[in-house]
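Structural description and commentary
Chain by chain, the residues run as shown.
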Amino acid sequence: MAKESIFRDLLEILMSASSEIEQAYKDSCELVDRDTCLLLIAECFRCLRNACVECAKNQHAMRNLGLISTSVHLIRLLHGIQIKEELLLTALRCSLQFLGNIAAGNGDSQNSIWKCAFPDLFLMCLTYSDKKIVAYCCMVLFTCLNSEKVRELLYPGNLTVALHVLKVYKEQLESEWSFLIVTDHLLKCPELVKALYAKLSNQERVTLLELIMEKVSEKNPVTSEEMNLFMRHADFLAGCFKEKCEAVLKLTSAADAEDEEALVAIRLLDVLCEMTSNNGQLEHLQALPGLLETAIDTLRLTHLAGKQAVNIFTATHTMTGQEEISHPAVGFKSHLIRLIGNLCYKNKENQDKVYELDGIPLILDNCSTDDNNPFVNQWAVYAIRNLTEQNERNQELIAQMEEKGLADNSALESMGLEIEKQDDKLILRSVRKKPS
């Protein structure tokens, strides 16, 4: 631990520098010996930054002397200097590193920084033109946040901080701190996610959904509290999908291949597929009103659109295996069938619902190899298995369709299914798949 007198000396230097800058502002003149002043500020913050590392006593001593409030005030002053030269950038970077280090593992320092700096200093630094300053600002913000402070982001005016963090992540994908702020803090507040989503552009919504996908895809065990959070996110995202899913039909036009609203619908479907692949969230989503109906309706509309004209929803079998289709809607029908299959897993009510909505013939009509929908055959097999498991009516429907020539027998064979007649009744049963 360093002597407190050293920190007092550094505090006096920083306060003196602040006074000089303030006086220059008042007199509307250039700061005398500006370079020397900036160099001195940077060196002071370097000393303070290094003295904080894993030393709670130094952190407390500095905070009790008022170094946090002095530093925040000085950062505001430095931000007002118009000439963005390297010495100024270095001073700002070192000051933010100091705040990050004094806050690390120290709740009192975190609260003190929050009280002095939130929200204006964070907004100032998150929008700065220097990437390192933005990254160090994210580090300080991440270190200070907790569940109580995250809720403060919902207050009028404060939501802008969360919006800027998301923009930083979108524009600087290498920014690990912005990623962690969203995944470890912001996503733990469903109300904040809803408020953010409403304010975001479609491109930014895609970015947020990709971050949710990252979180949902984690294989780590989750607590009951985390599972409850996921369920609340699922409710919201399912509602968004039901509202916007038909936007994908814009993709039938080559001119609208990058329609942003359609891209959001595609990403929403991806997240819902992942959520329904988790047993903890599956039962909740299976019971959500309207989600299964929406998936079937959207599959019907895209399937019909692909038959009415040649577009991305038209089944194709022309690729040699060497080519790759780069269209945002590639796999969309596959994922709809995957979602339907997941929602019907060991769920008699949803199995019956698909029957009533004429969804089974629709799925069977989408079970051929399709270059625009990789693995569609496998997802169709999976969906049919889940639809027919312990459901005689659904089995009988498929058997009757095959007998009438409405279902392709070779397609059923490729699914490992065959029709058998028992006591004047057609039965669908599993068999070993024939080698292709």
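For the structure, see preceding data.
Calculation rules
Chains are numbered independently. Their residues run from 1 in the order of the written sequence. The model is predicted, so local features are restricted to residues of pLDDT at least 70 and side-chain atom pairs to those at 80 or more, both for listing and for counting; the totals for chains, interfaces and linings are taken over all residues. Side-chain metrics in this entry use all non-hydrogen atoms of the structure; hydrogen atoms and water are not considered. Salt-bridge detection follows one rule: a side-chain nitrogen of Lys or Arg within 4 Å of a carboxyl oxygen of Asp or Glu. Helix and strand assignments follow DSSP, with helices taken as H or I runs no shorter than four residues and strands as E runs no shorter than two, numbered in order from the N terminus. Two rings from Phe, Tyr or Trp (for Trp, the six-membered ring) form a pair when their centres sit within 6.5 Å of each other. Planes less than 30 degrees apart are called stacked, planes more than 60 degrees apart edge-to-face, and all others tilted. Buried, partly exposed and exposed residues are distinguished by accessible area as a fraction of the type maximum, computed with a 1.4 Å probe on protein chains only: under 20%, between the cut-offs, and over 50%, respectively. Ring-over charges, as used throughout, are those where CZ of Arg or NZ of Lys falls within 6 Å of the ring centre and within 35 degrees of the ring normal. With a 1 Å grid spanning the protein atoms alone, the term cavity applies to any set of points in which a 1.4 Å probe fits but cannot get out, the term pocket to an open set with protein on both sides within 12 Å along at least five of seven lines, and the term lining residue to any residue with an atom within 4 Å of a point. Grid points are joined across faces, edges and corners, and a volume is the space filled by probe spheres set on the points. When residue character is reported, Ala, Val, Leu, Ile, Met, Phe, Trp, Tyr, Cys and Pro are called nonpolar, Asp, Glu, Lys and Arg charged, and the others, Gly included, polar. Lines are fitted to the C-alpha atoms to define the axes, a helix being fitted only along its stretch in contact, and any angle between axes, read from their N-to-C directions, falls within 0 to 180 degrees. When the near helix sits turned anticlockwise from the far one by under a right angle, the crossing is termed left-handed; a clockwise turn instead gives a right-handed crossing. Throughout, a contact is declared for two residues whenever any of their heavy atoms are within 4.5 Å. By the criterion applied in these results, polar contacts are pairs of N or O atoms within 3.5 Å in which, for protein atoms, one can donate a hydrogen and the other can accept it, and in which residues neighboring in sequence qualify only through two side-chain atoms. Multiplying one less than the number of residues by 1.5 Å gives the expected span of a helix.

Focus: the pattern of salt bridges
As enumerated under the stated definition, the model contains 25 salt bridges in all. As a salt-bridge pair, K250 and E261 come within 2.7 Å of each other at their nearest N and O atoms. Of this pair, K250 sits in the loop between α14 (224–244) and α15 (260–275) while E261 sits in helix α15, and the two are 11 residues apart along the sequence. Salt bridges sharing partners connect three or more residues here, namely K244, K250, D259 and E261.

Here's the deal with the packing of aromatic side chains
Applying the stated criterion across every chain yields a total of nine aromatic pairs. Taken together, a centroid distance of 5.9 Å and an interplanar angle of 45° make the contact between W114 and F122 tilted. Judged by centre distance (6.1 Å) and plane angle (40°), the rings of Y169 and F179 are tilted. In this pair, Y169 sits in helix α10 (residues 159–171) while F179 sits in helix α11 (residues 176–184), placing the two residues 10 residues apart along the sequence. Its relative accessible area of 22% is what places F179 among the partly exposed residues. Through pairs of rings, three or more aromatic residues link up here, namely W114, F118 and F122. In this arrangement the basic side chain of K149 is found over the ring face of W114, its NZ or CZ atom lying 5.9 Å from the centre. Above the plane of the ring of Y355 lies R393, whose end atom (NZ or CZ) is 3.9 Å from the centre.

Quick look at empty space enclosed by the protein
Under the defined criterion, the tally for this structure stands at two cavities of 30 Å³ or more. Roughly 90 Å³ of volume is contained in the largest cavity. What lines the largest cavity is T183, L187, K188, K215, E226, L229, F230 and H233. A per-element tally of the lining of the largest cavity places α14 first, with four residues. Its residues placed into classes, the lining of the largest cavity shows three nonpolar, two polar and three charged.

A look at unusual backbone geometry
Omega for the bond connecting F118 with P119 falls within 30 degrees of zero, at 0°, which places this linkage in the cis form. The phi dihedral of K346 falls on the positive side, at around 50°, and the residue is not glycine. Given the relative accessible area of 55%, K346 is considered exposed. A positive phi is found at D358, a non-glycine position, where the angle reads about 55°. By the secondary structure assignment, D358 is in the loop between α19 (348–356) and α20 (359–364).

So, the packing of helix α2 (residues 34–52) against helix α4 (residues 67–79)
Between α2 and α4, whose axes approach to 13 Å, the crossing angle comes to 145°. The crossing of α2 and α4 is left-handed. The segment α2 lies against α4, with L38, I41, F45 and L48 engaging L67, S71, L74 and L78. Partitioning the contact of α2 with α4 into residue classes produces seven nonpolar, one polar and no charged.

Let's talk about the environment of R63
Examined against the element boundaries, R63 turns out to sit in helix α3 (residues 56–65). The exposure class assigned to R63 is buried, which follows from its relative accessible area of 15%. Note: C-alpha distance between R63 and I102 (39 residues apart in sequence) is 8.1 Å. In terms of polar contacts, R63 uses its side chain to reach the side chain of H60, at 2.7 Å.

Remarks on α14
In an α-helix, one turn spans 3.6 residues; hence positions three or four apart end up facing the same way. Taking 1.5 Å of rise per residue, the 21 residues of α14 would be expected to cover 30 Å, and the 30 Å separating its terminal C-alpha atoms lies within 8% of that figure. Within α14 the residues assigned to the buried category are M227, L229, F230, H233, A234, F236, L237, A238, C240 and F241. Check the buried side of α14 and you find it contacts α12 (190–199), α13 (202–217), α15, α16 (279–286), α17 (291–308) and α18 (332–343).

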